[in-house]
Amino acid sequence: MSNHRITDNLDSLFDVLPPKITQSITGEEKNADLIEVILDLGRVPTARFSAEEYELTDEEITRKEIDYVVKRIGVFDGDNRAGLERTLHRIAAIRNRTGEIVGLTCRVGRAVYGTTDIVKDLIESGKSLLILGRPGVGKTTMLREAARILADNKRVVIVDTSNEIAGDGDVTHPAIGKARRMQVAQPPLQHEVMIEAVENHNPEVIVIDEIGRELEAVAARTIAERGVQLIGTAHGNTLQNLLINPTLADLVGGIESVTLSDEEAKRRGTQKTVLERRSNPTFHVLIEIQTRDSVAVHQDVATAVDSLLRGELLVPEVRSRTDDGEIKIKKTPTRPILQSIGVDPTPEVEFTGSEPQFQMDREELDTLPIFTYGVARDRMLKAAKNLNVPITIEKHVRDARIAVTLKHHYRDNPKAIAEAEELGLPIYVLRSNTAKRMEHLLKDVFNVKNGSLSKSDEQALQQTQGAIQVVLNGERWVELPPASSYIRRLQHQMVTQANLVSHSYGKDPNRRVRIFREDS
């Protein structure tokens, strides 16, 4: 953030505050981190910074000081917000039962140029973007910067409900560049102004802050169906928050209950009644702002919603900005929403770039140490015996390579499972404590296939037997063609039985086995 140009107009805010409060704030050297000033009747004034909060004076705020501020700012609108002309500062009022103002939140508004570099490619892609994040994390700042960038080449209209994006007054703040701004007389009328913007001003892009009502969600869908790019923010921190919010769920496609036929439910391995996405999402891409220098991106909202409803592992793209301004991109798995309608989740794995990197080389394991929580150990051992796969059940998490638990235990997040997550172990979640589920799990872990080998797999094993014979006849080593992890595991077993040595080299799909004599 240090490389970004910031315009905060703090002097304009300090001019409307009581002199003793202004004097106390201006004496600080960290005003670049000032977030807001709190003035409540009968309490001491407080300044909130990004990392701390402290009292400005020892004297309580009086009615006279509240009135001092109110007389110097703009008119409070329907949502009890006012602003300072040609600045981005926002003053919000708290009223008593008779309508008198008894508290003020003086929020510092900053135009930060360069904040969108972390998602600039998404903004310029032409796709509709929805931005989520907790209050104060920088949603509106990113929205403002996106409008400025797009306005250089496109017709951009901002629907500015509380004048936070383009500032108070009739003249817009320079931070929005060439974008045009439409003000909203009353917050409940925001959806009407959104439609009016499309019908009257021929925009290519519409920017909306704080989509929070059902009519606004409907208006956003109407705009998207007309081929206009939408960039907006909504209440919530994550995609999961939107899915369980009946008012805003339509922004990401909505949810409906569907009853399956007996045959389809059996094929899916679910109950007959399941949740599915109702329609195509209004927004194509969803950005979750985690910190000012880190975001999680769902590049395909439809696919992400489908994954969540099935209880599958959700893997957003995480983008972060280093201290020297470099943008790093990786994929990180998040905990799925586990429901009785879903199938067993896949194991949690670490991702680098777009290729999954498992934390263990499965085909080379002599035995797989497993930590179980709430899972019947005798059934797990019996399932392993039926599949002829080597496992041990460990008493301590630190001695295991994977953890296995049941769905209702996973939801409670017990200490043992939390410890497994901290250690970075893959965690498998079973829907029920049955041997069949455990066999399904072990087949997945050891990549055991059902039925007979395919013709290509049989040829690979025949080739392995020939290579073993070549090494036994005196050759120092032989490298086999690339194969799946299941075939590589069988190849290692064949080599061990011949009293030879083997190792795997390379990365999938080109990972392959090399066979050696013991004295090589």
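Structure's up top.
Attention here is on the structure that accompanies the text. It should be emphasised that the depicted structure is a prediction, and the values quoted were computed from it without experimental measurement. (Residues numbered from 1 in each chain as written. Predicted model: local features only at pLDDT ≥ 70, side-chain atom pairs only at ≥ 80, totals over all residues. Heavy atoms only, no water.)

With 35 residues, the main nonpolar core has Leu130, Ile206, Ile223, Leu251, Val252 and Leu286 as its most contacted residues. If you look at the next biggest cluster of nonpolar residues, it comprises 27 residues, including Val119, Leu150, Ile158 and Ile287. (Core = buried A, V, L, I, M, F, W, Y, C linked by side-chain atoms within 4.5 Å. Buried < 20%, exposed > 50% of the residue type's maximum accessible area, 1.4 Å probe, protein only.)

Under the definition given, this model contains one aromatic pair. Ring geometry for Phe49 against Tyr54: centres 5.6 Å apart, planes inclined by 0 degrees, an arrangement best described as stacked. Judged by relative accessible area, which is 5%, Phe49 ranks as buried. Between the NZ or CZ atom of Arg72 and the centre of the ring of Tyr68, over which it lies, the distance is 3.5 Å. Just above the ring of Trp477 sits the side chain of Arg514; from NZ or CZ to the centre is 4.8 Å. (Phe/Tyr/Trp six-rings, centres within 6.5 Å; stacked < 30°, edge-to-face > 60°. Lys NZ or Arg CZ within 6 Å of the ring centre and 35° of its normal.)

As a further point, take the sheet that holds strand S12 (residues 205-211). Taking strand neighbours across the sheet as the criterion, the nine strands line up as S11-S10-S12-S13-S9-S16-S17-S18-S19 in an open arrangement whose pairing is mixed. Since the sheet does not close on itself, it has two edges, and those belong to strand S11 (180-183) and strand S19 (327-331), each with one partner. Ignoring strand direction, the axes of neighbouring strands in this sheet form an average angle of 20 degrees. When strand S9 (residues 129-132) meets strand S16 (residues 285-291), the two strands line up parallel, connected through four bridges. Within S16, the residue paired with Ile131 across the bridge is Ile287. Here helix H7 (residues 214-225) sits on the sheet and contacts S12 and strand S13 (229-234); the angle it forms with S12, its principal contact strand, is near 165 degrees. (Pairing = 2+ DSSP bridges. Helix = DSSP H or I, 4+ residues; strand = E, 2+ residues; numbered from the N terminus. Axes fitted to C-alpha atoms, helices over the stretch in contact; angles between N-to-C directions. Contact = heavy atoms within 4.5 Å.)

What follows deals with the pattern of salt bridges. Opposite charge on two side chains makes pairing possible when the charged atoms of those side chains draw close. If you walk through the whole model with that rule in mind, you get 23 salt bridges. The residue Arg81 makes a salt bridge to Glu164 at a minimum N-O spacing of 2.8 Å. In this pair, Arg81 is assigned in strand S5 (residues 81-83) and Glu164 in the loop between strand S10 (156-160) and S11, connecting sequence segments 83 residues apart. Judged by its relative accessible area of 17%, Arg81 falls in the buried class. A salt bridge links Arg90 to Glu164; its shortest N-O distance comes to 2.9 Å. On the criterion of sequence distance, the pair formed by Arg90 in strand S6 (residues 90-95) and Glu164 in the loop between S10 and S11 is long-range, its members being 74 residues apart. The exposure classification of Arg90 matches that of Glu164, with both residues buried. Each member of the salt-bridge network shares a partner with another, and the members are Asp79, Arg81, Arg90, Glu164 and Glu210. (Salt bridge = Lys/Arg side-chain N within 4 Å of Asp/Glu carboxyl O.)

The subject of this paragraph is the pairing of strand S22 (residues 368-373). With respect to burial, S22 is a largely interior element, five of its six residues being buried. Sheet topology places S22 next to strand S23 (residues 391-394); four bridges connect them, and they run parallel. Each residue of the ladder has a partner; that of Pro369, found in S23, is Thr392. Between the parallel elements S22 and S23, the chain passes through helix H11 (residues 377-387) in a crossover that is right-handed. Bridge count for S22 against strand S24 (residues 402-406) is four bridges, and the pairing is parallel. By the bridge assignment, Thr372 is partnered in S24 with Val404. (Right-handed = clockwise from strand over helix to strand, strands pointing away.)

Turning our attention to the layout of surface pockets. Computed from the structure, the largest pocket encloses a volume of approximately 1000 Å³. Those elements that place two or more of their residues in the lining of the largest pocket are strand S2 (34-40), helix H5 (139-150), S12, S13, S16 and strand S17 (294-298). Take the lining of the largest pocket: its biggest share by element is five residues, from H5. Residue classes in the lining of the largest pocket are distributed as 15 nonpolar, 12 polar and 13 charged. (1 Å grid on protein atoms, 1.4 Å probe; cavity = no way out; pocket = protein on both sides within 12 Å on 5 of 7 lines; lining within 4 Å. Points joined across faces, edges and corners; volume = space filled by probe spheres on them. Nonpolar A, V, L, I, M, F, W, Y, C, P; charged D, E, K, R; others polar.)

Turning next to the packing of H11 against helix H14 (residues 435-446). Between H11 and H14, the least distance of the axes is 9 Å, while the angle of their chain directions is 55 degrees. What the angle tells us is that H11 and H14 run oblique. Taken as a pair, H11 and H14 cross one another with a handedness that is right-handed. Of the residues in H14, those in contact with Arg379, Met380, Ala383, Ala384, Asn386 and Leu387 of H11 are Ala435, Met438, Glu439, Leu441, Leu442 and Lys443. For the contact of H11 with H14, the class distribution of residues is eight nonpolar, one polar and three charged. (Parallel < 35°, antiparallel > 145°, perpendicular 65-115°, else oblique. Left-handed = near helix turned anticlockwise from the far one by under 90°.)

Pairing is antiparallel across the open sheet formed by three strands, whose spatial order is S26-S28-S27. Only two strands of the sheet have a single neighbouring strand rather than two, namely strand S26 (477-479) and strand S27 (501-505). Direction aside, neighbouring strands of the sheet carry axes that sit 20 degrees apart on average. In this fold helix H16 (residues 485-497) packs onto S27 and strand S28 (512-516), with an angle of close to 160 degrees to the strand it touches most, S27.

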